[in-house]
Number of protein chains: 2
Amino acid sequence: MTNFKLTELNEQAVQYIAVGAAVLGTGGGGDPHIGKLMAQEAIRKYGPVRVISPEDLEDDALVVPLSMIGAPTVMNEKIPSTEQMTKPLDLIEKELGRKVNAIMPIEVGGGNSLVPVIAAAERGIPLLDADAMGRAFPESQMVTFYLDGIDCSPITMADERGNGVLMHAIDGVWEERMARAITIQMGGSASICDYPVTGAQVKQSAVHHTLTLAYEIGKILYESKDMRQNPIEALLKHLHGYALFHGKAVDIRRRTEGGFTRGEAVFEGTDAQKGRTMRLFFQNEFLLATEDGQSLAVTPDLISLLDQDTGMPITTENLKYGARVTAVGFPCDPKWRTAKGLETVGPQYFGYDVPYVPIEKLTAQKGDAR
Amino acid sequence: MTNFKLTELNEQAVQYIAVGAAVLGTGGGGDPHIGKLMAQEAIRKYGPVRVISPEDLEDDALVVPLSMIGAPTVMNEKIPSTEQMTKPLDLIEKELGRKVNAIMPIEVGGGNSLVPVIAAAERGIPLLDADAMGRAFPESQMVTFYLDGIDCSPITMADERGNGVLMHAIDGVWEERMARAITIQMGGSASICDYPVTGAQVKQSAVHHTLTLAYEIGKILYESKDMRQNPIEALLKHLHGYALFHGKAVDIRRRTEGGFTRGEAVFEGTDAQKGRTMRLFFQNEFLLATEDGQSLAVTPDLISLLDQDTGMPITTENLKYGARVTAVGFPCDPKWRTAKGLETVGPQYFGYDVPYVPIEKLTAQKGDAR
């Protein structure tokens, strides 16, 4: 499947992407279920969505990321309308005085990979096979565009009532402050376009073909069941990932504060890990996994929770007491391992007092210790 | 002076207005001192500001209120630049696609009566002799335009760093929520244009000639000193106001929270009021004066604190322990005494558990009781 590239999204593809994006979304990026139903409905109504690759873009094309911002806890209860999702596009087109050539996801995540699908279907605009994280992260400035110094403005936002906002922020950190404050006032979630970029900027700074990657992951998880393979093993092989821990959720603390879902979960080991304990810390996304105070995987590397039986991803929102899971980890995009990358999304930024060590190294060290 | 109308503002007029607006600003509306210095500087640089009356406006003229929003505590420390003050005008002109014909104050208040003077001088745009409160109030929807159902949008905001915001809010209450949240993120104060109105709307809904009134009050306070009159008596006579209490500030509790300066102050009686105690409650503005649990004056009627010797107004920010003051009260504009008016700015809205009784009646009742 290595050279495969998505060119069109139908209902089946949306189903795969919903699941694959939830794996890459590391527990965040919005609920995949609601996004999937809305995207499938949009495709039934408006037809399949054309997908283009970064290399297909003209250098001066206008590409606009579209997403939902806020606490996933709220988004599960306050379902956005198609009108709310497309309104930031109208506002940004008006401000820039030109039409959007392609819509892209800002992040890979169950919900936020599908929000652009809904808008692309409704508007008949192509969807770009790329995003600005290669995973999901909780804050607006946590995008590869920010690392490369690309202007985040104009930023446009809308709620489900009819309120609309246009902002010119001096940088991504100011965007995050102001957009988060507006999101909280809008009831905890809002639709947003930020970092309008050119085709040339996409080619240089975006993480490419992540929609295709999400599709492949979803396909593996669905098809391995039919092929009587272990879905998690098939997935780890395809992504060059690592199984971190097999366990059962015995304690989950989750609070919605400051427009985020924050908390931690504790897992008792099962199978080979019996008698051991893993702690998983999250802010919308899973950010740190530890065992006895030792890191198993650290942000910006990806940490996902999969159902032990089906391999299906579990979001920070939907994790339930007693769930039997396998925690898995994958290396992040190399852009996040730079000094600016780690300053922006490393463990210190989130208040975790651990150093960043690449997952490949942590896993090798663990092997040595045995 | 009844038929006098301001037609031009020079440095002297600004001095009068700063003081008179602080009296009508009921302790809020921003610090008069900094606004005065900036307005006088602007007039020295750009020349006198032309003042027009509501009746001079074409019905389809575009009139834009310009003000500072936030906690006065912060504005005293974070002085805005002229550039920050004029930026919301640029943003609203761009959004509406036409030039502003006149700038008006949104409220009467030491600072917020002068912010439009600074912008009018710098832009060479006429200043309108009217406002949308006839006093100062702490929240954005507390304007006569809101009572008359006029659209508050588009709303434009700026900070001193270069961040700019344009909002379309579905009503004044949603504007307040979103603009206040942005203000807090912008560091506690911001410049704002809201309720862009037509000449016809000004004629119907604004409170007219309040700049002239502020000028007259300032002139009385300055001139009575030279004429060896009691300035407070002269003022009360001109405004048909009431002396509520003579006292000394013995306790002041002030906190900056949620973008407001909130608190209460206690005064021990002096002179004829010896042995008695007045409590004064405020949220940016003085909103309720009580003695032994009985109301002396209640929002939306105006309550101001004047220095016993000079008659000069004291803001909620500048009230100091030991200050000897006379609390005075004036009837508010009749628009505030309607059902919608009292729902919007009456004592219940601010959380004070007292009924609204017009100051004329409260004062007459007190007279009866003696």
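What you see is a predicted model, and the numbers here were worked out from it, not measured in a lab. (Residues numbered from 1 in each chain as written. Chains lettered and ligands numbered in written order. Predicted model: local features only at pLDDT ≥ 70, side-chain atom pairs only at ≥ 80, totals over all residues. Heavy atoms only, no water.)

**Thoughts on the overall build of chain A**
Thought 1: Of the regular secondary structure elements, chain A holds 12 helices and 19 strands.
Thought 2: Taken over 370 residues, chain A has a buried fraction of 63%.
Thought 3: Considering only contacts within chain A whose residues lie at least 6 apart along the sequence, 73% involve residues at least 24 apart.
Thought 4: Accessible surface, chain A: about 14000 Å² in total, of which carbon and sulfur atoms supply 48%.
Thought 5: Mean positive and mean negative side-chain charge positions of chain A (36 and 48 charges, respectively) differ by 4 Å. (Helix = DSSP H or I, 4+ residues; strand = E, 2+ residues; numbered from the N terminus. Buried < 20%, exposed > 50% of the residue type's maximum accessible area, 1.4 Å probe, protein only. Contact = heavy atoms within 4.5 Å. Areas by Shrake-Rupley, 256 points an atom, 1.4 Å probe, with all protein chains shown as cover. Lys, Arg positive; Asp, Glu negative; His and termini not counted. Charge placed at Lys NZ, Arg CZ, Asp CG, Glu CD.)

**A few points about the relation of the copies chain B and chain A**
Thought 1: Laying chain B over chain A is done by rotating through 180° and shifting 0.0 Å along the axis; what remains is an RMSD of 0.0 Å. Such a turn and shift between the copies fits a two-fold axis. Across chain B, the rotation axis passes nearest the C-alpha of Leu166(B), at a separation of 2.4 Å.
Thought 2: A shared interface surface links the copies, since 100% of the contact residues of chain B are contact residues in chain A too. (Least-squares fit on C-alpha atoms with pLDDT ≥ 70 in both.)

**Side note on the packing of helix H9 (residues 210–226) of chain B against helix H10 (residues 231–239) of chain B**
All names here are of chain B.
Thought 1: Contact pair H9 / H10: the axes reach a minimum separation of 8 Å and the direction vectors enclose 150°. When the interaxial angle is binned, H9 and H10 end up roughly antiparallel. For the crossing formed where H9 meets H10, the hand is right-handed. Judged by residue contacts, Leu213, Glu216, Ile217, Ile220, Leu221 and Ser224 of H9 engage Pro231, Ala234, Leu235, His238 and Leu239 from H10. (Axes fitted to C-alpha atoms, helices over the stretch in contact; angles between N-to-C directions. Parallel < 35°, antiparallel > 145°, perpendicular 65-115°, else oblique. Left-handed = near helix turned anticlockwise from the far one by under 90°.)

**What to know about the interface of chain B and chain A**
Thought 1: On the side of chain A, 20 residues touch chain B, which itself brings 20 residues to the contact.
Thought 2: Across the chain B/chain A interface, buried area totals approximately 1800 Å², and carbon plus sulfur atoms make up 60% of it.
Thought 3: Interface area lost by chain B to chain A is led by Asn163(B), Trp174(B) and Gln185(B), which between them contribute 28%.
Thought 4: One can count two salt bridges joining chain B with chain A. (Buried area = accessible area lost by both parts, 1.4 Å probe. Salt bridge = Lys/Arg side-chain N within 4 Å of Asp/Glu carboxyl O.)

**Observations regarding the pairing of strand E19 (residues 324–330) of chain B**
All names here are of chain B.
Thought 1: The element E19 is largely enclosed, with a buried count of six among its seven residues.
Thought 2: Here strand E12 (residues 242–257) pairs with E19 via six bridges, running antiparallel. Paired with glycine 247 across the strands is valine 325, a residue of E19.
Thought 3: Bridge analysis of strand E17 (residues 302–307) against E19 gives six bridges, and the strand direction is antiparallel. (Pairing = 2+ DSSP bridges.)

**Describing the sheet that holds strand E16 (residues 294–298) of chain B**
Residues and elements named next belong to chain B.
Thought 1: Read across the sheet, eight strands follow the order E16-E15-E14-E13-E12-E19-E17-E18 without closing on themselves; strand pairing throughout is antiparallel. A strand with exactly one partner marks an edge of an open sheet, and here the two such strands are E16 and strand E18 (313–314).
Thought 2: Here 10 bridges tie E12 to strand E13 (residues 260–269), and the two strands are oriented antiparallel to one another. The residue bridging glycine 247 from the neighbouring strand is glycine 269, located in E13.

**Side note on helix H5 (residues 115–123) of chain A**
Think of an α-helix as 3.6 residues a turn; residues three or four steps apart then line up on the same face.
Residue and element names in this part refer to chain A.
Thought 1: Counting buried positions along H5 gives seven out of nine residues, so the element sits mostly inside the fold.
Thought 2: Within H5, burial applies to Val115, Pro116, Val117, Ile118, Ala119, Ala120 and Ala121.
Thought 3: Following H5 by one or two positions, glycine 124 adopts a phi angle in the positive range, close to 70°.

**Observations regarding the sheet that holds strand E15 (residues 285–291) of chain A**
All names here are of chain A.
Thought 1: Taking strand neighbours across the sheet as the criterion, the eight strands line up as E16-E15-E14-E13-E12-E19-E17-E18 in an open arrangement whose pairing is antiparallel. Each edge of the open sheet is held by one strand with a lone partner, namely strand E16 (294–298) and strand E18 (313–314).
Thought 2: Relative to strand E14 (residues 277–283), strand E13 (residues 260–269) runs antiparallel, the two being bridged by seven bridges. Looking at the pairing, arginine 262 lines up with glutamine 283 of E14.

**Some remarks on the environment of Glu41(A)**
Residues and elements named next belong to chain A.
Thought 1: Mapped onto the fold, glutamate 41 is located in helix H2 (residues 32–46).
Thought 2: By relative accessible area, which is 41% here, glutamate 41 ends up partly exposed.
Thought 3: Along the backbone, glutamate 41 and isoleucine 118 are 77 residues apart, and their C-alpha atoms lie at a distance of 8.4 Å.

**A look at the nonpolar core**
Thought 1: Membership of the largest hydrophobic core comes to 202 residues, with the highest contact counts inside it found for Leu9(A), Met157(A), Leu9(B) and Met157(B).
Thought 2: In this view, Leu9(B) contacts Ile17(B), Ile43(B), Pro48(B), Val49(B), Val51(B), Val117(B) and Leu127(B); residues no more than four positions away in its chain are not counted. (Core = buried A, V, L, I, M, F, W, Y, C linked by side-chain atoms within 4.5 Å.)

**Side note on unusual backbone geometry**
Thought 1: Following Ser153(A), the chain continues into Pro154(A) via a peptide bond in cis, with omega recorded as -10°.
Thought 2: Mapped onto the secondary structure, Pro154(A) falls in the loop between helix H6 (144–147) and strand E7 (155–158).
Thought 3: A cis amide bond links Thr299(A) to the next residue, Pro300(A), at an omega of 10°.
Thought 4: Mapped onto the secondary structure, Pro300(A) falls in the loop between E16 and strand E17 (302–307).
Thought 5: Positive phi values are uncommon outside glycine, yet His209(B) reaches one of about 60°.
Thought 6: Structurally, His209(B) is set in the loop between strand E11 (207–208) and H9.

**Let's talk about the packing of aromatic side chains**
Residues and elements named next belong to chain A.
Thought 1: A complete count under the given rule lists 16 aromatic pairs over all chains for this structure.
Thought 2: Aromatic pair tyrosine 16 and tyrosine 222: ring centres 5.7 Å apart, planes at 40°, arrangement tilted. Taken together, the positions of tyrosine 16 in helix H1 (residues 11–24) and tyrosine 222 in helix H9 (residues 210–226) put the pair 206 residues apart, joining distant regions of the chain. Note on accessibility: tyrosine 16 and tyrosine 222 belong to one class, buried.
Thought 3: For the pair phenylalanine 137 and tryptophan 336, a centre-to-centre distance of 5.1 Å together with 75° between the ring planes defines the contact as edge-to-face. Here phenylalanine 137, found in the loop between strand E6 (130–131) and H6, pairs with tryptophan 336, found in the loop between strand E19 (324–330) and helix H11 (339–345); they are 199 residues apart in sequence, far enough to count as distant. (Phe/Tyr/Trp six-rings, centres within 6.5 Å; stacked < 30°, edge-to-face > 60°.)

**Section: the packing of helix H2 (residues 32–46) of chain B against helix H5 (residues 115–123) of chain B**
All names here are of chain B.
Thought 1: With their axes 8 Å apart at the nearest point, H2 and H5 run at an angle of 15° to one another. In terms of axis orientation, H2 runs roughly parallel to H5. Crossing of H2 over H5 shows left-handed handedness. On H5, the residues that touch Gly35, Met38, Ala39, Ala42, Ile43 and Tyr46 of H2 are Val117, Ile118, Ala121 and Glu122.
Thought 2: Looking at side-chain class alone, the contact of H2 with H5 contains eight nonpolar, one polar and one charged residues. (Nonpolar A, V, L, I, M, F, W, Y, C, P; charged D, E, K, R; others polar.)

Interpretation note: all reported values are geometric properties and have no functional meaning in isolation.
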